[in-house]
Protein chains: 4
Amino acid sequence: MLKGFTLPKSPFGQAALTPPPPWHYSSDVVGVEFWTDPGAAAATLPSGLTPDPKSNGRCVVMFLDRQFTAQDDEYLNPARYQYREAFVLLDAMYGDTPVMWCPYVFVDNDAALARGWTQGFPQKLGSIFQTRSYAAKSPAAAPLAPGSRFGASLSAHGQRLAEARITLRRPVQDGLSLLGRPTVLLRYFPRLAAGHQDKPAIDELTMSVTDNVAVAEAWIGEGELNLPEARGEELHSLVPQRIESGFRYSLAYSVTDLKILEDHTSR
Amino acid sequence: MLKGFTLPKSPFGQAALTPPPPWHYSSDVVGVEFWTDPGAAAATLPSGLTPDPKSNGRCVVMFLDRQFTAQDDEYLNPARYQYREAFVLLDAMYGDTPVMWCPYVFVDNDAALARGWTQGFPQKLGSIFQTRSYAAKSPAAAPLAPGSRFGASLSAHGQRLAEARITLRRPVQDGLSLLGRPTVLLRYFPRLAAGHQDKPAIDELTMSVTDNVAVAEAWIGEGELNLPEARGEELHSLVPQRIESGFRYSLAYSVTDLKILEDHTSR
Amino acid sequence: MLKGFTLPKSPFGQAALTPPPPWHYSSDVVGVEFWTDPGAAAATLPSGLTPDPKSNGRCVVMFLDRQFTAQDDEYLNPARYQYREAFVLLDAMYGDTPVMWCPYVFVDNDAALARGWTQGFPQKLGSIFQTRSYAAKSPAAAPLAPGSRFGASLSAHGQRLAEARITLRRPVQDGLSLLGRPTVLLRYFPRLAAGHQDKPAIDELTMSVTDNVAVAEAWIGEGELNLPEARGEELHSLVPQRIESGFRYSLAYSVTDLKILEDHTSR
Amino acid sequence: MLKGFTLPKSPFGQAALTPPPPWHYSSDVVGVEFWTDPGAAAATLPSGLTPDPKSNGRCVVMFLDRQFTAQDDEYLNPARYQYREAFVLLDAMYGDTPVMWCPYVFVDNDAALARGWTQGFPQKLGSIFQTRSYAAKSPAAAPLAPGSRFGASLSAHGQRLAEARITLRRPVQDGLSLLGRPTVLLRYFPRLAAGHQDKPAIDELTMSVTDNVAVAEAWIGEGELNLPEARGEELHSLVPQRIESGFRYSLAYSVTDLKILEDHTSR
């Protein structure tokens, strides 16, 4: 009997891409809130979501330095389980519920990619960097303080896809408003059998379920964002028309569940 | 209406991890045929396959330098679509049909990973290298000639998983016998919804379908293979007991279909 | 007139591998202090250094997540200037002065490599990871607290060279004793001209000069360390015989100078 | 007595970045010959070289898939010694001698970087890809035939620096004219000691010496080349004004020597 939460299934279950949930994450986030062309935002929505009439075109891009652990001290094996991520979320409606939709996301780690696909995050591989804040004082330290600046970037296959800079102005006491909406995803897996390639084996609208959410050291200020055009990508269709803010915070949460909103799979 | 064969689905279908089939591949292969502990080989078989009574324990490991194209000249964008791969195949029976089963496979490219998962190849990310043969004469050229040697290796997350060396002895006129069996795979995708995490959304035994198979410059000779023990992997359970041969050839084929042998998905 | 502190010299001086000093660094360090075979330690010493009769065989290995900046806000471009490093230092004597000698060091960034070579750090490329400590509470957060654990690893060319684990026990109020000795290096650059390949163009014993040293959040506890054997490396010759401690701290300093202790260059 | 041709010097000489010469190379080259602004080309020349009055502005960019070996079968360890490279050469005069000058070059391997610096190639790290030609027939094979096309690209730190495409038209029987000139380099290594940072420790104009040059399967045709602007680079200053040709060939040679044309080092 083969074991493992994902492929590869193996005799001892040690070879699987990711251990089973619960999945625990802690991270530092550098992000920019911005407004893009409402039509461009709406064009990314899957069946089941509609533009938010009050905030269509509102997006956030986030760059995350992440640490993962499950039940077996995976955080002590950072070569395999530590990773970096960048994604875009944009405002939408699921029926009467304001939600965020994730059209594009990149990670630099295969365990993260396997977990992400399981939830519906459409992860591709990328190279993600963010300026870090260090405890030891230095011109290189980027402290959490008014006026402190952070850079971040995303590249994939040698092309730069996003560059951001933020300047901190003030701590945010009561959390970031941008975390107020649940994230909706498309869980999707194609069929390859001839004659069925337009009938996916999985086609579900899902909602991310997160427990034990903890936010720390949240700061807000100004932001800049470039989304250069790149072949093989469509992230640049969400080019900013106006920047709302830049922000940085530490974020932790756990994942043990997923809500299936709609199952569109044709069987 | 979002477009794309895989995630991410996007307005223009340009962001998907892989273009739709037909998928065309050309490659150079360095490989070793070997015998492992029959119990270790049998332990990797999924439900639906049984050990081959005549050759249980026979394995091949292959290292591939690969080039991919679909319909849009993807081979001209090697930064995105060229890749390297390493996998193990081992003898098994599907009913009365002799087949090969792929328990472990590694690639260094996300487009390849997305295509592999769609077929049932359990791809993880790795770093794969093989000695190449160059046309310009040099001690560095590794010509296709008797006595010529090639090395190959596989690493993942900074751990060495496999090291092979082969010595060519003679060209093989009528193809490699090891290509005579079809490859059987486990197409598998988990559910994350609480209470359903042991009921995969896809659980299919599949058979790889390849067209336009072309083999060129096939040579056979001796081989060596090490499969060092590594945390988070089980490839080393297939450690060689006896080496049968080393080989090298060029291989091309196309993929436009997949045969579903058995669907074990519980709905 | 070409500009630039290092190659490539260019019309505007923007292409050079590293900007000129002052170089400012901030970092998090996970390390292990240990004792190796005294003969193995002594065998790594260059001409000009002798074993420390009181502590020959004492070594530290450190893994660093580093951020760099010079005069042009390089820390805002982390894709180019943020990096990771791992090195070994061992006790030695320069005349009557107790010093530390750096036989082996690895980085994952070419700007760091160029700076390191300029000082005499014998940097090769590697892949370095350490468990990080995050502000947001989680099983994945690795807080700075008694009993908290951190892992670290070093690989190069797909081979694992070092694996460490530490457990924090108590903060260290007055800095780490291991920082008390200056670091001595071999600045060395070969000649390639035939007949001169054994007469290096640079052969200097140097001492690292650091300003503005800041240590923060220093903790000490227990450590574990493996240095697996690897082809093309000699780090494993320093395999631990006894572990002294594990430690973690944040470290910042600036570099604007280098002391040349001895010039052995034959001209 | 420490051993090794370069750092790190070690007891057994196994840890050095590169083995000592002779160095043997075999490679496949995809390249574009083009004309840039003569002033931009002249601006890259070091002291000792002058613009070629007959062909100032003529450049070639080459992308190489390379295999290296020295005396110890290094080509059987491709994870450590196989690599990729991209560089620009441009026409210049050394006194009355027509030469080529190499202002910018990128590799993806530290052993190659150490050898390059030793000669005067100003190597930085980059990510280089070229379409390959495979023996097994396929739409993915890119045969050596009239009309066959090849792509190539160079990126560094996640920024795309060069993209080329070529179309083969006809084999070149008598070698490529572009190989007719020797390559001149700047061998340069800074001092870091305060007060001496503008007085390099090595400042030599050198000429590459290659033996056993072998060219095979040379083809010529058309080319396209983009050199996008990128921060931290000046390659884009050589943007093409006119494309002369595209070409592809296999190239092998050995290196055992270096000619020092002028020594500008101030001692």
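Scroll up to find the structure this text is about.
None of these values were measured; they are calculated from a predicted model.

(A) Examining the overall build of chain A more closely. Within chain A one finds three helices and 13 strands. Computed over C-alpha atoms, the radius of gyration of chain A comes to 19 Å, within 12% of the 18 Å expected from 2.2 N^0.38 for 267 residues, which places it in the range of a compact globule. Taken along the three principal axes of its C-alpha coordinates, chain A extends 55 × 45 × 35 Å. A fraction of 67% describes how many contacts in chain A between residues 6 or more apart in sequence connect residues 24 or more apart. Total accessible area on chain A is roughly 8,900 Å²; 50% of this is exposed by carbon and sulfur atoms. The centroid of the 25 positive side-chain charges in chain A is displaced by 3 Å from the centroid of its 29 negative side-chain charges.

(B) How the structure looks around the pattern of salt bridges. Scanning the model with the defined rule gives 72 salt bridges over all chains in all. The partner of Arg 132 of chain C in a salt bridge is Asp 28 of chain A, and the shortest N-O contact between them spans 3.6 Å. One end of the pair, Arg 132 of chain C, is in the loop between strand E6 (127-130) and strand E7 (149-156); the other, Asp 28 of chain A, is in strand E1 (residues 23-36), on a second chain. Take Arg 132 of chain C and Asp 28 of chain A: they sit in the same class, and that class is buried. The residue Arg 132 of chain C makes a salt bridge to Asp 65 of chain A at a minimum N-O spacing of 2.6 Å. Remark: Asp 65 of chain A occurs in strand E2 (residues 58-69) and Arg 132 of chain C occurs in the loop between E6 and E7; the pair is interchain, linking two chains. Like Arg 132 of chain C, the residue Asp 65 of chain A is buried in the burial classification.

(C) Inspection of the interface of chain C and chain D at higher detail. The interface is formed by 62 residues belonging to chain C together with 63 residues belonging to chain D. Across the chain C/chain D interface, buried area totals approximately 5,600 Å², and carbon plus sulfur atoms make up 64% of it. Among the residues chain C hides against chain D, the three largest losses belong to Arg 80, His 157 and Leu 192 of chain C. Together they make up 14% of the total. Applying the counting rule to chain C against chain D returns two salt bridges. For Glu 233 of chain D, the salt bridge goes to Arg 80 of chain C, with nearest N and O atoms at 3.0 Å. At the boundary of chain C with chain D, the tally comes to 28 residue pairs in polar contact (both at pLDDT 80 or more). When grouped by side-chain class, the residues that make up the side of chain C that touches chain D number 34 nonpolar, 17 polar and 11 charged.

(D) Structural detail: the environment of Trp 219 of chain A. Residues and elements named next belong to chain A. The topology assignment puts Trp 219 in strand E11 (residues 211-226). In this structure Trp 219 comes out as buried when scored by relative accessible area, which is 11%. Separated by 31 residues in sequence, Trp 219 and Ser 250 place their C-alpha atoms 9.6 Å apart. Filtering out sequence-adjacent residues up to four positions away, Trp 219 remains in contact with Leu 144, Ala 145, Pro 146, Leu 168, Arg 169, Arg 170, Pro 171, Val 172, Gly 246, Phe 247 and Arg 248.

(E) Quick look at the interface of chain D and chain A. Each partner contributes to the interface: chain D provides eight residues, whereas chain A provides eight residues. For the pair chain D and chain A, the summed buried area comes to about 600 Å², and 24% of that belongs to carbon and sulfur atoms. Among the residues of chain D in contact with chain A, Gly 158, Arg 160 and Arg 231 of chain D are the three that bury the most area, contributing 62% of the side total. For the pair chain D and chain A, the number of links is two salt bridges. Between the two partners, chain D and chain A, sit eight residue pairs in polar contact (both at pLDDT 80 or more). No other element matches strand E8 (residues 159-171) of chain D, which puts four residues into the side of chain D that touches chain A. Looking at the side of chain D that touches chain A residue by residue, the class counts come to no nonpolar, four polar and four charged.

(F) Spatial organisation of the packing of aromatic side chains. If you walk through the whole model with that rule in mind, you get 24 aromatic pairs over all chains. On the numbers, 6.0 Å between centres and 40° between planes, the contact of Phe 247 of chain B with Tyr 249 of chain B is tilted. Note on accessibility: Phe 247 of chain B and Tyr 249 of chain B belong to one class, buried. Pairing Phe 68 of chain D with Tyr 81 of chain D gives two aromatic rings, centres 5.6 Å apart and planes at 40°, and the pair type is tilted. You can see Phe 68 of chain D sitting in strand E2 (residues 58-69) and its partner Tyr 81 of chain D sitting in helix H2 (residues 78-81), a full 13 residues away along the chain. By the ring-pair criterion, three or more aromatic residues cluster together here, those being Tyr 25, Phe 68, Tyr 81 and Tyr 253 of chain A. The ring of Phe 68 of chain D carries Arg 115 of chain D above its face, with NZ or CZ at 3.6 Å from the centroid.

(G) Looking closely at the relation of the copies chain C and chain D. Laying chain C over chain D is done by rotating through 180° and shifting 0.0 Å along the axis; what remains is an RMSD of 0.0 Å. Such a combination of turn and shift is consistent with a two-fold rotation axis. With an isologous cut-off of 70% or more, the 100% of interface residues of chain C that recur at the interface of chain D puts this contact in the isologous class.

(H) Just the relation of the copies chain D and chain A, in detail. In screw terms, the move from chain D to chain A is a rotation of 180° and a rise of 0.0 Å along the axis, fitting with an RMSD of 0.0 Å. Mapped onto chain A, 100% of the interface residues of chain D are again interface residues, and the two copies thus contact each other with one and the same surface.

(I) Here's a closer look at the side chain of Ser 27 of chain C. Structurally, Ser 27 of chain C is set in strand E1 (residues 23-36). Assessed through its relative accessible area of 1%, Ser 27 of chain C is described here as buried. What Ser 27 of chain C contacts, discounting residues up to four positions off in sequence, is Tyr 134 of chain A together with Leu 64, Asp 65, Arg 66, Tyr 249, Ser 250 and Leu 251 of chain C.

(J) Local environment of empty space enclosed by the protein. One pass over the full model with this rule turns up 14 cavities of 30 Å³ or more. If you list the elements that add at least two residues to the lining of the second largest cavity, you get helix H3 (110-119) of chain C together with strand E9 (183-189) of chain D. In terms of residue class, the lining of the second largest cavity is built from eight nonpolar, two polar and no charged.

(K) Representation of the environment of Arg 187 of chain A within the structure. Residue and element names in this part refer to chain A. Checked against the element boundaries, Arg 187 lands in strand E9 (residues 183-189). Accessibility expressed as a relative area gives 1% for Arg 187, which makes it buried. Polar side-chain contacts of Arg 187 include one of 2.7 Å to the backbone oxygen of Thr 118. Of note is the side chain of Arg 187, whose polar atom sits 2.7 Å from the side chain of Glu 204.

(L) Spotlight on helix H3 (residues 110-119) of chain D. Residues and elements named next belong to chain D. Burial analysis of H3 places 10 of its 10 residues in the buried class, which makes it a mostly covered element. Taken together, the buried positions of H3 are occupied by Asp 110, Ala 111, Ala 112, Leu 113, Ala 114, Arg 115, Gly 116, Trp 117, Thr 118 and Gln 119. By the N-cap criterion, in which a side-chain oxygen at the helix start approaches the backbone nitrogen of a residue two or three places on, H3 is capped by Asn 109, the distance to Ala 111 being 2.9 Å. The first or second residue beyond H3 is Gly 120, which carries a positive phi of 115°.

(M) Geometry of unusual backbone geometry. Note that the residue after Pro 21 of chain A, namely Pro 22 of chain A, is joined by a cis bond; omega there is 10°. Residue position: Pro 22 of chain A is located in the segment before E1. For Asn 212 of chain C, which is not a glycine, the phi torsion comes out positive at approximately 55°. Inspection of the secondary structure assignment puts Asn 212 of chain C in strand E10 (residues 202-226).

Cut-offs applied
- Residues numbered from 1 in each chain as written.
- Chains lettered and ligands numbered in written order.
- Predicted model: local features only at pLDDT ≥ 70, side-chain atom pairs only at ≥ 80, totals over all residues.
- Heavy atoms only, no water.
- Helix = DSSP H or I, 4+ residues; strand = E, 2+ residues; numbered from the N terminus.
- Rg over C-alpha atoms; globule rule 2.2 N^0.38 Å.
- Contact = heavy atoms within 4.5 Å.
- Areas by Shrake-Rupley, 256 points an atom, 1.4 Å probe, with all protein chains shown as cover.
- Lys, Arg positive; Asp, Glu negative; His and termini not counted.
- Charge placed at Lys NZ, Arg CZ, Asp CG, Glu CD.
- Salt bridge = Lys/Arg side-chain N within 4 Å of Asp/Glu carboxyl O.
- Buried < 20%, exposed > 50% of the residue type's maximum accessible area, 1.4 Å probe, protein only.
- Buried area = accessible area lost by both parts, 1.4 Å probe.
- Polar contact = N/O pair within 3.5 Å; in protein donor to acceptor, adjacent residues only side chain to side chain.
- Nonpolar A, V, L, I, M, F, W, Y, C, P; charged D, E, K, R; others polar.
- Phe/Tyr/Trp six-rings, centres within 6.5 Å; stacked < 30°, edge-to-face > 60°.
- Lys NZ or Arg CZ within 6 Å of the ring centre and 35° of its normal.
- Least-squares fit on C-alpha atoms with pLDDT ≥ 70 in both.
- 1 Å grid on protein atoms, 1.4 Å probe; cavity = no way out; pocket = protein on both sides within 12 Å on 5 of 7 lines; lining within 4 Å.
- Points joined across faces, edges and corners; volume = space filled by probe spheres on them.

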